[in-house]
Amino acid sequence: MEEDEEEVLCYLDKVLEDVGVFECGDVDLESPLTPGYMLMTPVHRNFTGDIEKGLEMKKLVLSGFLASEEIYINQLEALLLPMRPLKATASTSQPVLTIQQVNTIFYKIQDIFEIHKEFYDSLFPHIQQWDEKVTVGHLFQKLASQLGVYKAFVDNYKTAVETAEKCSLANSQFQKISENLKVKGPKDSKDSNTHVTMEALLYKPIDRVTRSTLVLHDLLKHTPKDHPDFPLLQDALRISQNFLSSINEEIDPRRTAVTTPKGEARQLVKDGFLVEVSESSRKLRHVFLFTDLLLCAKMKKTSVGRQQQYECKWYLPLADLTFQTLDESDVCPHIQVLPEHEIEEMKIKISVIKNEIQKEKKALKGQSRNVERLRKKMNEQESWLLLHSPTIPFRIHNKNSKSYLFLLSSDYERSEWRESIQKLQKKDLQPCHLTSVELQVLTSSCFKLRTVHNIPVTSNKDDDETPGLYGFLHVIVHSAKGFKESANLYCTLEVDSYGYFVSKAKTRVFRDTTEPQWNEEFEIELEGSQCLRILCYEKCYDKMKLNKDDNEIVDIIMGKGQVQLDPQTLESKNWHMDVIEMNGIKVEFSMKFTSRDLSLKRTPSKKQSGVFGVKISVVTKRERSKVPYIVRQCIEEVEKRGIDEVGIYRISGVATDIQALKAAFDTNTKDILVMLSDMDINAIAGTLKLYFRELPEPLLTDRLYPAFMEGIALSDPAAKENCMMHLLRSLPDPNLITFLTLLEHLKRVADKEPINKMSLHNLGTVFGPTLLRPSESEVTKGHITLASDIWSHDVMAQVQVLLYYLQHPPISFAELKRNTLYFSTDV
C-alpha cells in the first residue's frame, strides 16, 4: 500500500509540475481550491451516479482545467515577452538574433496563445454562471478543430529547440534571456512570478494536447448522454485522439536524453517488452530504441529493497541494422509454438482467478493475504501467456555479424517498430561503438528513461483501472479513401486481450481501386479488451515474395490506426460511426457492443415458421427430420470445401453474409443450396454457430446443466462414464441426435488438424460455451455479478464437457437407448 501511495504522490507531483506552479508538498489535498482536490475527487468524495451529482463533477473538472488553462496562457505569454524586442533588434546593426532565428524559435507561439486566450475568455463566464443547462461542448469542439496549428508547432519543435541551444552558445545575451523567463502566477494565487527556462516553456504546447484529451475523457464520463454537450465532446475527443496518434512519436527530450561521449544528445525514441528467441527458447526482454542504436536488456534479479537494474544482452548500431530477408542459405531457428488449446486453457484459468479475487474482495475481512496470493498466481500465469502467445517473427540483422529474432503478437506492433527504426535510419547515422564503461552507463540510464514500466498484464493494473469490455463488438468496415494509386486492398481488425493484441477479422480484398467499399460486418469476441486496431493492406500476389517461414505472401501495410473502446460511448444499443486516419488514408467504420450478460439471454423467436430461435423439437417435427436441415446442410458444406480451411469455426465470417444465410434458412428460400455453394466458408461455419447460440435454450438443455457440471467434476473414471452417458440418454431425442451428429462432424474436422490447425481442444473451446450455458435463472441467483465473472464462470467446465464427448469412442444413438446403466430416472 505504501508503494501505491508513493506512486500516486509522484503522479500528482508530475501533474502539478506540468502546470508549472505547485510542488506536491505544497498541496492541501483536502482543500477544494487546489488542483490536488480536483484530481483526487473521484476517489475521496462519494458521488452517486445520478445526473445532478454527475454535473457537479463536470463543473469540478472544468474548474480545474480552467485553472490550468490560465497557467498555460501565462506560460505562453512569458515566451512571447522576449520575442517582440528580439524581433525589433533583428533589423538593427547589433541584432541578438536574426529574424529567421526568431521566427524559428517562436514559430506558431502567437497563434497558439490567441487560440487559448479566446477559449479561456469564452469558457470562464460559463463556469461562473453554472447550471445544468450550461453547454461548453462547442468550445472544446472549436479548440479541437484548431489542432492544425499544433501540428505545425510539433513539426518545427525539434528545430526550434536546437536553434535556441545554438543561439545560447553563440550569444551570452540570449543565453541570459533564455535561462530566466518570468511566468506570472494565477490571479488568485499568493505565488508571485516563477522563473523558467525557454526550453521548458517550448515543451508546454506538446504537453497541453495530452492534458486536453484527458480532460475530454473526464467530461464525457460526467456528462449525461442526452445532454447537448455529449455529441460535441465526443467529436472533440475523436479529433484530439486522431491528432495524438499522428504525433505520438514526438518524445519529450528532457526525460529521454542521455549524452554521448562526443557531447551529442542520444534520445530514447521507443521502448517496450518483446519476446526474443535465444538458443531456441523464448526470453522476455525490454528493448530500447535510441536515436543511434537498439539495446536489448533484461531485468536483473535484485535483493529486496534494492533498486532494480538492467543487464544489457546486446546492442546494435542503427547504421549496421538491416531487416533480414531469408535467402536459400539461411537457416531459420526453430520456434517453439504451443498448441492453441494450451493457450486457451491458460486464459480460462486466469479468468477463474480473476473471479476468485473479486469474490475475495467482496467478502474481505482482513484476509488480504489470500488476495495477494491470488494476484501473484495470476501474475505468473499472465506472464506465461505473454511469453508463449506471440508467433509473428520480427527479424533484425547486424550486417557485420549475427541476426536476432523477436516474436510479436500483432502485425501492428511489428510495423510500429520497423517504421520507428527506418525513420531514424533516414538520418545521416555513423556507426557507434561503445566501450564497456559507456555501455554500462547507458544501460544504467535505461531504468530512469524507460516509458514502459511493467509488463502489460492486468495483475499490474490498479484496482480502479477499467477492466475492459467482455462481450461482443460488432464492427462494420464501410470504406476507405486517400489512396494515391489503385491497388488490391483489404483491412484486418485486432483487439487486445490478456496484455497483447490478437487479429480477429479480415475483410475481403477489394481489387484495383483507390476507394474500396467493403461494407462488411464482423462480430468480435472481447475478453477484457480496451482498444480496437485497424490495419489496411495492399494484397501482394507476387509469388516471388513468398515468406519461407509461414508460407504466406507478405502484404504491404498501407496504414494503421487505433481507437479506444470507451464503455460509455459503446453503452448505447445504436451504432457508433467513426473514422480512423492513417498516413493520409481515412477508414470509415461503425461499431456497437453487446455485453456478455446480454449475450447469455436467449430470446425465443416470435415467428414459429423459421428455424433461428425456435425449439429444436418444433423444427424437426415440422421438417419430419431427425436433425434440423440447417445443421445438416452447413455440416455438409463445411466438410465438402472447408475442412482444410485454417481456423475453420474460429475465424469470424462476415456478419452480413451470416445474416443473409440466416434469413434464407428462416424463409426456406428455394435457392439456399446455390447460396451455400457461393458463400465464403467462414460465413457458413458462423451460421451454424449462430443457430446453436440462438436456440431458446442450449442444445444440452437448461434442466441438465447443473448435472453436467457435477458429472464432469467426478474423479472416478467409471462413475464419470456412467454419469456422462446417462445425461446424454436424458436429453430429448432431437437434441441428442443433433448433438451426436455435430460430435462426429467435429471429430472429422479435428482429423485434419495438421492442415486446418483446429484440434479437439480448439473445437471444444469454440462450441462448449455455446452448447452448454447456464440458464438466466442460474445467472441471476447472485453468484455471478460482473460481466467478466459471467465469462469465467464454469467456462472451463463447459469446454471440458464437450471435450469429454469429443475424445470418447464413437457414441451411437441406438446403443445409448439400449444401455440400462444409469443412476436414476430423476436427474
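Residues numbered from 1 in each chain as written. Predicted model: local features only at pLDDT ≥ 70, side-chain atom pairs only at ≥ 80, totals over all residues. Heavy atoms only, no water.

Engineer: Residues and numbers for the overall build of the protein chain, please.
Structural biologist: A tally of helices and strands in the protein chain yields 31 helices and 19 strands. Relative to its 827 residues, the protein chain shows a buried fraction of 49%. For the protein chain, the share of sequence-separated contacts (at least 6 apart) that also reach a separation of at least 24 residues comes to 71%. Within the structure as shown, the protein chain displays about 41700 Å² of accessible surface, and the carbon and sulfur contribution to it stands at 50%. (Helix = DSSP H or I, 4+ residues; strand = E, 2+ residues; numbered from the N terminus. Buried < 20%, exposed > 50% of the residue type's maximum accessible area, 1.4 Å probe, protein only. Contact = heavy atoms within 4.5 Å. Areas by Shrake-Rupley, 256 points an atom, 1.4 Å probe, with all protein chains shown as cover.)

Engineer: With reference to specific residues and values, describe the pattern of salt bridges.
Structural biologist: Per the stated rule, a full pass over the model turns up 23 salt bridges. In this structure, the salt-bridge partner of lysine 108 is aspartate 111, at a minimum N-O distance of 3.5 Å. Here lysine 142 ties to glutamate 118 by a salt bridge, and the two come within 2.6 Å at their closest N and O atoms. Taken together, the residues span a long stretch of sequence, with lysine 142 in helix 6 (residues 137-145) and glutamate 118 in helix 5 (residues 109-128) at a distance of 24 residues. When its relative accessible area of 40% is taken as the criterion, lysine 142 is described as partly exposed. (Salt bridge = Lys/Arg side-chain N within 4 Å of Asp/Glu carboxyl O.)

Engineer: Describe in detail the pairing of strand 18 (residues 576-582), supporting the description with residues and values.
Structural biologist: Bridge analysis of strand 18 against strand 19 (residues 585-595) gives seven bridges, and the strand direction is antiparallel. Residue pairing for strand 19: histidine 576 is matched across the bridge by methionine 591. Linking strand 18 back to strand 19 in an antiparallel pair, the connection comprises two residues, with asparagine 583 at a positive phi of about 50°. (Pairing = 2+ DSSP bridges.)

Engineer: Break down unusual backbone geometry for me, with residues and values.
Structural biologist: You will see that tyrosine 649, though not glycine, has its phi angle at about 75°, which is positive. In this structure, tyrosine 649 sits in the loop between helix 19 (629-641) and helix 20 (655-667). In this structure, lysine 757 is a non-glycine residue whose phi angle is positive, near 60°. Tracing the backbone through its elements, the reader meets lysine 757 in the loop between helix 26 (753-756) and helix 27 (760-771).

Engineer: Account for the packing of helix 23 (residues 705-712) against helix 30 (residues 795-807), with residues named and values stated.
Structural biologist: Across the interface, helix 23 lies against helix 30 with an axial gap of 10 Å and an inter-helix angle of 75°. When the interaxial angle is binned, helix 23 and helix 30 end up roughly perpendicular. Mapping the contact onto sequence places Tyr705, Phe708, Met709 and Ile712 in helix 23 and Ala797, Gln798, Gln800, Val801, Tyr804 and Tyr805 in helix 30. Grouping the constituent residues of the contact of helix 23 with helix 30 by class yields eight nonpolar, two polar and no charged. (Axes fitted to C-alpha atoms, helices over the stretch in contact; angles between N-to-C directions. Parallel < 35°, antiparallel > 145°, perpendicular 65-115°, else oblique. Nonpolar A, V, L, I, M, F, W, Y, C, P; charged D, E, K, R; others polar.)

Engineer: An account of the packing of helix 7 (residues 148-170) against helix 9 (residues 198-221) is requested, with residue identities and associated values reported.
Structural biologist: Helix-helix packing: each pair is described by the crossing angle between the helix axes and the interaxial distance. Between helix 7 and helix 9, the least distance of the axes is 10 Å, while the angle of their chain directions is 160°. As judged from the angle between their axes, helix 7 and helix 9 are roughly antiparallel. Once helix 7 is placed against helix 9, the crossing between them reads as left-handed. Residues Tyr150, Phe153, Val154, Tyr157, Val161 and Glu165 of helix 7 touch helix 9, and the partners they reach there are Glu199, Leu202, Tyr203, Pro205, Ile206, Arg208 and Val209. Residues belonging to the contact of helix 7 with helix 9 are distributed by class as follows: ten nonpolar, no polar and three charged. (Left-handed = near helix turned anticlockwise from the far one by under 90°.)

Engineer: Explain empty space enclosed by the protein to me, using residue names and the numbers behind them.
Structural biologist: The final tally for this structure, using the stated rule, is six cavities of 30 Å³ or more. By volume, the largest cavity amounts to about 120 Å³. Along the wall of the largest cavity there are 13 residues; nearest its centre are Leu143, Ala144, Leu147, Ser212 and Ser240. Looking at the lining of the largest cavity, the elements that each hand over two or more residues are helix 5, helix 6 and helix 9. (1 Å grid on protein atoms, 1.4 Å probe; cavity = no way out; pocket = protein on both sides within 12 Å on 5 of 7 lines; lining within 4 Å. Points joined across faces, edges and corners; volume = space filled by probe spheres on them.)

Engineer: Which residues make up the confidence of the model for the protein chain, and what values go with them?
Structural biologist: Across the protein chain, the average pLDDT comes to 79, with 79% of residues at or above 70. Considering each helix and strand of the protein chain separately, the mean pLDDT is smallest for helix 2 (residues 35-44), with a value of 33, and largest for helix 25 (residues 733-751), with 96. With pLDDT under 50 throughout, residues 820-827 is counted as low confidence; its partners more than four residues away or in other chains account for 15 contacts. (pLDDT = per-residue confidence, 0-100.)

Engineer: Provide a residue-level description of the sheet that holds strand 19, including the pertinent values.
Structural biologist: One open sheet holds the four strands; their spatial order is 15-11-19-18, and the pairing between them is antiparallel. Both outer strands of the open sheet, strand 15 (517-529) and strand 18, are each paired with one neighbouring strand and no more. Direction aside, neighbouring strands of the sheet carry axes that sit 30° apart on average. The pairing of strand 11 (residues 469-481) with strand 15 spans ten bridges and is antiparallel. Within strand 15, the position partnered with valine 477 by the bridge is glutamate 520.

Engineer: Please give an account of the pairing of strand 19 that cites residues and values.
Structural biologist: In this structure, strand 11 lies alongside strand 19, joined through ten bridges in antiparallel fashion. Bridging from a neighbouring strand, histidine 474 pairs with lysine 592 of strand 19.

Engineer: So what about the packing of aromatic side chains? Which residues, and what values?
Structural biologist: Here the structure, examined in full by the defined rule, presents 17 aromatic pairs. A ring pair is formed by phenylalanine 65 and phenylalanine 119, whose centres lie 6.2 Å apart and whose planes are at 70°; its orientation type is edge-to-face. Taken together, the residues phenylalanine 65 in helix 3 (residues 51-90) and phenylalanine 119 in helix 5 connect sequence positions 54 residues apart. Per residue, the accessibility class of phenylalanine 65 equals that of phenylalanine 119, and both read buried. Seen from their ring centres, phenylalanine 288 and tyrosine 310 are 5.4 Å apart, and the 80° between their planes marks the pair as edge-to-face. Highlighted residues: phenylalanine 288 in strand 5 (residues 281-290) and tyrosine 310 in strand 7 (residues 310-317), separated in sequence by 22 residues. A network of ring pairs unites the aromatic residues Phe65, Phe119 and Phe140 as a single cluster. Of note, arginine 533 hangs over the ring of phenylalanine 501, and the distance from its end group to the ring centre comes to 3.5 Å. Positioned above the aromatic ring of tyrosine 412 is the side chain of lysine 560, whose terminal nitrogen or guanidinium carbon lies 5.6 Å from the ring centre. (Phe/Tyr/Trp six-rings, centres within 6.5 Å; stacked < 30°, edge-to-face > 60°. Lys NZ or Arg CZ within 6 Å of the ring centre and 35° of its normal.)

Engineer: Give me the nonpolar core: which residues, what numbers.
Structural biologist: Soluble globular proteins: nonpolar side chains tend toward being buried together. One finds Tyr649, Phe692, Phe708, Phe739 and Tyr805 to be the most contacted residues of the largest nonpolar core, which totals 66 residues. Looking at this core, the element that brings in the most residues is helix 25, giving nine residues. Aside from chain neighbours lying at most four places away, what touches tyrosine 805 is Phe708, Met724, Met725, Leu727, Leu728, Phe739, Leu743, Lys747 and Ile811. Counting 63 residues, the second-largest nonpolar core is a separate cluster that includes Ile105, Ile109, Met198 and Leu201. (Core = buried A, V, L, I, M, F, W, Y, C linked by side-chain atoms within 4.5 Å.)

Engineer: A description of helix 23 should follow, citing residues and the corresponding values.
Structural biologist: Of all eight residues that make up helix 23, six are buried, and the element is covered over most of its length. Taken together, the buried residues of helix 23 touch helix 24 (717-729) and helix 30.

Engineer: Can you lay out the environment of leucine 688 for me, pointing to particular residues and giving the numbers?
Structural biologist: Residue placement: leucine 688 occurs in helix 22 (residues 681-693). A C-alpha to C-alpha distance of 7.5 Å links leucine 688 and isoleucine 630, two positions 58 residues apart in sequence. Apart from the residues within four sequence positions on either side, leucine 688 is in contact with Val631, Cys634, Ile635, Tyr649 and Leu742.

Engineer: Explain the side chain of histidine 808 residue by residue, including any values.
Structural biologist: Inspection of the secondary structure assignment puts histidine 808 in the loop between helix 30 and helix 31 (813-818). On the basis of relative accessible area, histidine 808 is assigned to the buried category, the value being 16%. Leave out the neighbours within four places in its chain, and histidine 808 touches Glu721, Met725 and Lys747.

Engineer: Mind laying out the state of the cysteines, listing which residues take part and the relevant values?
Structural biologist: Summed over the entire model, instances satisfying the criterion amount to zero disulfides. Between cysteine 296, a free cysteine, and cysteine 312, which holds the nearest cysteine sulfur, the sulfur-to-sulfur gap is 7.6 Å. Looking at cysteine 296, the relative accessible area reads 0%, which means it is buried. (Disulfide = S-S within 2.5 Å.)

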